[in-house]
Amino acid sequence: AGSITLYETTGASRQIARPVTLPYGLVFDARGALYASHAAPSRTGGFVSHVAPDGTLTAIVSDLKLPRGLAFDAAGNLWIADYGNGRIVRRSPDGTVTPVVTGLAGPSGIAFNSLGELLVVEETAGAERERQGDRDRRSRRSKPHHRFPIGPEFLRVWPLEPALSRPRARGW
């Protein structure tokens, strides 16, 4: 089991939450509330939980498979990289959970740029995607597998309006 620990600039530290099974991502909302993504005790599923000041974890999103990165958009929606299911899901402020991007190759890190576009880091090397109607298809080329992928081929930028249609490269 892991933990969530606060490290101060003085070097002092204190645990905020323990035990947490395979914690991956942390994010604060606009009001300063802390959220964490973590695996279920069985390590086959996962949750996103609100972390109370006393360290209590309250699951707010379940039915995930090894969730990783977390990000809030300007409207207060929580975005989750659902690594094991190859998708990005959105939890609205009213609690509605909606898959938004599917067919990804191991999404792990996510962030919004200043234009409100969602940047997604995919961990599986050499994955390419073609969008055909409502179905995503992945294919693999024989490229070297990089253990720690860095570069534009592993970063997708998804314009969120008017609709998610294809990944594209863009400077941010």
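Below is a summary of the structure that appears in this document. (Residues numbered from 1 in each chain as written. Predicted model: local features only at pLDDT ≥ 70, side-chain atom pairs only at ≥ 80, totals over all residues. Heavy atoms only, no water.)

Moving on, we come to the overall build of the protein chain. Looking only at helices and strands, the protein chain features 0 helices and 15 strands. Residues counted as buried form 39% of the 172 residues belonging to the protein chain. For the protein chain, restricting intrachain contacts to residue pairs at least 6 apart in sequence, the fraction spanning at least 24 positions comes to 31%. For the protein chain, the computed accessible surface area is about 10100 Å², with 50% contributed by carbon and sulfur atoms. (Helix = DSSP H or I, 4+ residues; strand = E, 2+ residues; numbered from the N terminus. Buried < 20%, exposed > 50% of the residue type's maximum accessible area, 1.4 Å probe, protein only. Contact = heavy atoms within 4.5 Å. Areas by Shrake-Rupley, 256 points an atom, 1.4 Å probe, with all protein chains shown as cover.)

On to the packing of aromatic side chains, then. Under the defined criterion, the tally for this structure stands at 2 aromatic pairs. Where Trp-79 meets Phe-112, the ring centres are 5.5 Å apart and the plane angle is 75 degrees; that geometry is what we call edge-to-face. One end of the pair, Trp-79, is in strand S8 (residues 78-82); the other, Phe-112, is in strand S11 (residues 107-112), and 33 residues separate them in sequence. Residue classification places Trp-79 among the buried residues on the basis of a relative accessible area of 3%. Judged by relative accessible area, Phe-112 falls into the partly exposed class, the value being 22%. One cation-aromatic arrangement involves Arg-68 over Tyr-24; the distance from NZ or CZ to the ring centre is 4.3 Å. If you follow Arg-68 out to its NZ or CZ, it ends over the ring of Tyr-83, 3.9 Å from the centre. (Phe/Tyr/Trp six-rings, centres within 6.5 Å; stacked < 30°, edge-to-face > 60°. Lys NZ or Arg CZ within 6 Å of the ring centre and 35° of its normal.)

Structural measurements only, silent on function.
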